[in-house]
Amino acid sequence: MSNTQKTFEEKLDHMFVAKDQIPQEHRIEELHQKRYLSNGEMKNWNGPVHEVFSPVYIKTPDGLKPKLIGSYPVGTEKEAQESLDAAVEAYNDGRGEWPTMPVSERIKHVELFTKKMIARKEAVVKLIMWEIGKSHADSIKEFDRTVEYIYATIDALKDIDRDSSGFQIVEGIAAQVRRSPLGVVLCMGPFNYPLNETFTTLIPALIMGNTILFKPPKFGTLLHYPLQEAFQEAFPKGVINVIYGRGNVIIPGLMQSGKINVLTLIGSSRVANELKKQHPKVNQLRAVLGLDAKNASIITQNADLDLAVKETLTGSLSFNGQRCTALKIVFVQKSIADAFIEKFNNALSELKFGLPWEEGVNLTPLPEPYKIDYLNDCIADAKKHGAKVVNENGAKTNASFFYPAVVYPVNKNMKLYYEEQFGPIVPIVPFDDLEETIQYLINSTHGQQVSIFSNNSDEVAWLIDPLVNLVSRVNVNSQSQRGPDVLPFTGRKDSAEGTLSVTDAIRSFSIRSLVAFKMNESNNLLVNEIIDSGKSNFLSTKFIF
């Protein structure tokens, strides 16, 4: 065994530390949540709770033990239905205070919430880090990016409302066209970006005048608790309600009630399909969904190999590959495959693994309890069909930590060829003809993004034209990603429904409504009187600055 190997083994064995070795500023007090927001009240909970254990293990005299960081309510159908009733009442068939409120006033409420949210930054960041094992630096980035998204949403809505403040006159008919809310929104976010991805749907849904039922993700639940009083203080009664409980227990009844107008879910297509089928009035349900992805990196013999390695490494292993936008399968032209793998493995070996609070850490423990079993099963399946783990130390584990595995050569007989592994495995597929990569994307059930690495303009152009009709975003010489948030974020096939950019999200959670009238002296006087008196919040020429 080499000295390097010993160093790795020792570091892996000693990755987790004792309680008193945790830096003081990163220690966490247990948070046992006994209240939840419903109908404008922080209601007490005395029923069963779910204990939350961090993916960070603690070294004890009895061995490694997962760190208990708190608990939250396990609500029932009764509490979920009460919260639904509150949201329905607050919307009141479009006549409630919130949906009829002027846009400028709704913006003030969201701005107030954001200030209160910022005041709770330290608590939320620490909970992100401890609940899902995200590095402290990336947890801060997630919080800050979320705040930026809220302010960008406010600015975008102001722009839209300004454009809507006048009248269109066509064929003697004058009309004012504005965006109006859809109703009650059931919002469910993901564990990997439990704050940011959740708020990219929740905030635009809220600011457009809808009322909200919010179910926090299974992992990343506690971090939303510090924000519930901020929601309570910033919004009218019943506008936002937080529901807890087992999804398969509390969600079917909500959908079957027919009272949910919008389903927004960042998660799996399987779950989304099941939920939509439960709604009795399918034509009255709008779905805004961010779903599965199997984004491919296509690296040709004309690529800048160093750039391809850098971007594919980051794209496949940021937050341990637990991103819907991650590169989850890598196609490399055979003539450069060996060179690419050597460079990729060298770069991978430089990534720092450790605990979330360590400075510069890239690879951290995984939050899903049975994830490592699944990853090992994928590797066993790949080996059975002729692949190997080709990087040193690949797939080695300690408790909740899984060191990334580079698997090669992957082929169509393997799980890793089709399934979204959503974790630190990098499947590499050798190819001869670029047509093979196009056929893969044609046959894939997913269609979010693809990354092309080549400096040959003819080659890149030849790939772009078919690929833009197979996925929603083609990245040239860069990893797949969501941002910047002003760009459309969506997908084809089972990867998405609806579009989530700052402006598109506003549109997704609203509908264009208009007031129209034939222009004659009587109608002109009537409309001018309404506008001058400020009697209508919708029919108005007020300009938001």
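Quick note: structure is the one above.
Note that the structure is a prediction, hence the values are computed from the model and not measured.

Student: Explain the side chain of asparagine 320 to me, please; I cannot follow it from the model alone.
Tutor: Secondary-structure assignment places asparagine 320 in the loop between helix 11 (305–317) and strand 14 (327–333). We classify asparagine 320 as buried; its relative accessible area is 1%. When neighbours within four sequence positions are excluded, asparagine 320 is seen to be in contact with Asn362, Leu363, Thr364, Pro365, Leu366, Gly423 and Pro424.

Student: Any chance you could explain the sheet that holds strand 11 (residues 262–266) here in plain terms?
Tutor: Sheet strands pair by backbone hydrogen bonding; their relative direction is either parallel or antiparallel. Strand order in the open sheet made by the 6 strands is 10-9-8-11-12-24, with mixed pairing throughout. The open sheet terminates on both sides in strands that have one partner only, identified here as strand 10 (240–242) and strand 24 (496–497). Where strand 8 (residues 184–188) meets strand 9 (residues 211–215), 5 bridges bridge the pair, whose relative direction is parallel. If you follow cysteine 187 over to strand 9, its bridge partner there is phenylalanine 214.

Student: So what exactly am I meant to see when it comes to the packing of aromatic side chains here?
Tutor: Both the distance between ring centres and the angle between the ring planes are used here to describe each pair of aromatic rings. In this structure the tally under the stated criterion is 23 aromatic pairs. With a centroid separation of 6.3 Å and 75 degrees between ring planes, the pair formed by tyrosine 36 and tryptophan 45 is classed as edge-to-face. Looking at tyrosine 36, the relative accessible area reads 7%, which means it is buried. Measuring from centroid to centroid gives 6.2 Å for phenylalanine 167 and phenylalanine 517, while their planes differ by 75 degrees, and the two rings are edge-to-face. You can see phenylalanine 167 sitting in the loop between helix 6 (136–163) and strand 6 (168–170) and its partner phenylalanine 517 sitting in strand 25 (residues 510–518), a full 350 residues away along the chain. Take phenylalanine 167: its relative accessible area is 29%, and that puts it in the partly exposed class. Linked through ring pairs, Trp98, Phe113, Phe199, Phe231 and Phe235 together constitute an aromatic cluster. Over the aromatic face of tyrosine 193 sits the side chain of lysine 134, whose NZ or CZ is 3.6 Å from the ring centroid.

Student: Whenever I open this one, the layout of surface pockets confuses me. Can you help?
Tutor: Space left empty within the atom packing is revealed by a probe, the size of a water molecule, rolled over the atoms. Taken as a whole, the largest pocket encloses approximately 1500 Å³ of empty space. In this structure, the largest pocket is lined by 47 residues; those nearest its centre are Lys218, Gly267, Ser268, Arg270 and Val271. Of all the secondary structure elements, the ones that give two or more residues to the lining of the largest pocket are strand 5 (63–73), helix 9 (247–256), strand 11, helix 10 (269–278) and helix 13 (371–384). A total of 6 residues in the lining of the largest pocket trace back to one element, the largest contributor, which is helix 10. Tallied by class, residues from the lining of the largest pocket come to 23 nonpolar, 13 polar and 11 charged. Approximately 830 Å³ is the volume found for the second largest pocket. Contributing to the lining of the second largest pocket are 33 residues, with Asp138, Lys141, Tyr193, Ser318 and Phe319 lying nearest its centre.

Student: Whenever I open this one, the packing of helix 15 (residues 435–443) against helix 16 (residues 457–467) confuses me. Can you help?
Tutor: In the contact formed by helix 15 and helix 16, the axes pass within 11 Å of each other and the chain directions differ by 15 degrees. It follows that helix 15 is roughly parallel to helix 16 by the angle criterion. Two packed elements cross with a definite hand, and for helix 15 against helix 16 that hand is right-handed. Listed contacts from helix 16 to Glu435, Thr437, Ile438 and Leu441 of helix 15 are Trp462, Leu463, Pro466 and Leu467.

Student: Any chance you could explain helix 2 (residues 77–91) here in plain terms?
Tutor: Two residues of an α-helix separated by three or four positions point the same way, owing to the 3.6 residues in each turn. With 15 residues, helix 2 ought to run about 21 Å at 1.5 Å a step, and its terminal C-alpha atoms sit 21 Å apart, in line with that. Every buried residue belonging to helix 2 is among Glu79, Ala80, Ser83, Leu84, Ala86, Ala87, Ala90 and Tyr91, and all of these are buried. Taken end-on, helix 2 shows its buried residues confined to a sector of 155 degrees, consistent with a single buried face. Opposite the buried face of helix 2, at more than 90 degrees from it, the exposed residues are Lys78 and Glu89.

Student: Got a minute to help me understand the nonpolar core in this structure?
Tutor: One broad rule of soluble globular proteins: the nonpolar side chains tend to lie buried together. Phe231, Phe235 and Phe340 are the most contacted members of the largest nonpolar core, which totals 105 residues. Among the elements that make up this core, the one with the highest residue count is helix 6 (8 residues). With near-sequence residues (within four places) excluded, phenylalanine 340 lies in contact with Ile299, Leu305, Ala308, Val309, Thr312, Val330, Val332 and Ile428. Ile329, Phe331, Ala395 and Leu467 belong to the second-largest nonpolar core, a separate cluster that totals 33 residues.

Student: In this structure, what is going on with empty space enclosed by the protein? I would like to understand it.
Tutor: Counting across every chain of the model gives 2 cavities of 30 Å³ or more. In this model, the largest cavity occupies a volume close to 60 Å³. Every residue lining the largest cavity is listed: Leu289, Gly290, Leu291, Cys324, Gln448, Phe489, Thr490, Gly491, Ser495, Ala496, Gly498 and Leu500. Among the residues making up the lining of the largest cavity, the classes are represented as 6 nonpolar, 6 polar and no charged. In this structure, the second largest cavity encloses a volume near 50 Å³. Considering the residues around the second largest cavity, the lining is formed by Tyr36, Trp45, Pro73, Gly75, Glu79, Val242, Ile243 and Tyr244. Residues belonging to the lining of the second largest cavity are distributed by class as follows: 6 nonpolar, 1 polar and 1 charged.

Student: Help me out: how do you make sense of the pattern of salt bridges in this one?
Tutor: Opposite charge on two side chains lets them pair, provided their charged atoms get close. In the structure shown here, the tally under the stated rule is 24 salt bridges. The partner of glutamate 105 in a salt bridge is lysine 108, with the nearest N and O atoms 3.3 Å apart. Remark: lysine 108 and glutamate 105 occur in helix 4 (residues 103–119); sequence separation between them is 3 residues, near one turn of the helix. Its salt-bridge partner being glutamate 197, residue arginine 482 comes within 2.8 Å of it at the nearest N-O pair. Separated by 285 residues along the polypeptide, arginine 482 in the loop between strand 22 (473–476) and strand 23 (492–493) and glutamate 197 in helix 7 (residues 196–207) bring together distant segments of the chain. For arginine 482, a relative accessible area of 6% corresponds to the buried category.

Student: Explanation requested: the sheet that holds strand 14 in the structure shown.
Tutor: Taking strand neighbours across the sheet as the criterion, the 7 strands line up as 15-18-19-14-13-21-22 in an open arrangement whose pairing is mixed. Edge positions in the open sheet fall to strand 15 (388–389) and strand 22, since each of these has one partner strand only. Pairing of strand 14 with strand 19 (residues 425–431), which is carried by 4 bridges, proceeds in the parallel orientation. By the bridge assignment for strand 19, glutamine 333 is matched with phenylalanine 431.

What counts, and where the lines are drawn
Residues numbered from 1 in each chain as written. Predicted model: local features only at pLDDT ≥ 70, side-chain atom pairs only at ≥ 80, totals over all residues. Heavy atoms only, no water. Helix = DSSP H or I, 4+ residues; strand = E, 2+ residues; numbered from the N terminus. Buried < 20%, exposed > 50% of the residue type's maximum accessible area, 1.4 Å probe, protein only. Contact = heavy atoms within 4.5 Å. Pairing = 2+ DSSP bridges. Phe/Tyr/Trp six-rings, centres within 6.5 Å; stacked < 30°, edge-to-face > 60°. Lys NZ or Arg CZ within 6 Å of the ring centre and 35° of its normal. 1 Å grid on protein atoms, 1.4 Å probe; cavity = no way out; pocket = protein on both sides within 12 Å on 5 of 7 lines; lining within 4 Å. Points joined across faces, edges and corners; volume = space filled by probe spheres on them. Nonpolar A, V, L, I, M, F, W, Y, C, P; charged D, E, K, R; others polar. Axes fitted to C-alpha atoms, helices over the stretch in contact; angles between N-to-C directions. Parallel < 35°, antiparallel > 145°, perpendicular 65-115°, else oblique. Left-handed = near helix turned anticlockwise from the far one by under 90°. Expected span 1.5 Å × (residues − 1). Arc of directions from axis to C-beta. Core = buried A, V, L, I, M, F, W, Y, C linked by side-chain atoms within 4.5 Å. Salt bridge = Lys/Arg side-chain N within 4 Å of Asp/Glu carboxyl O.

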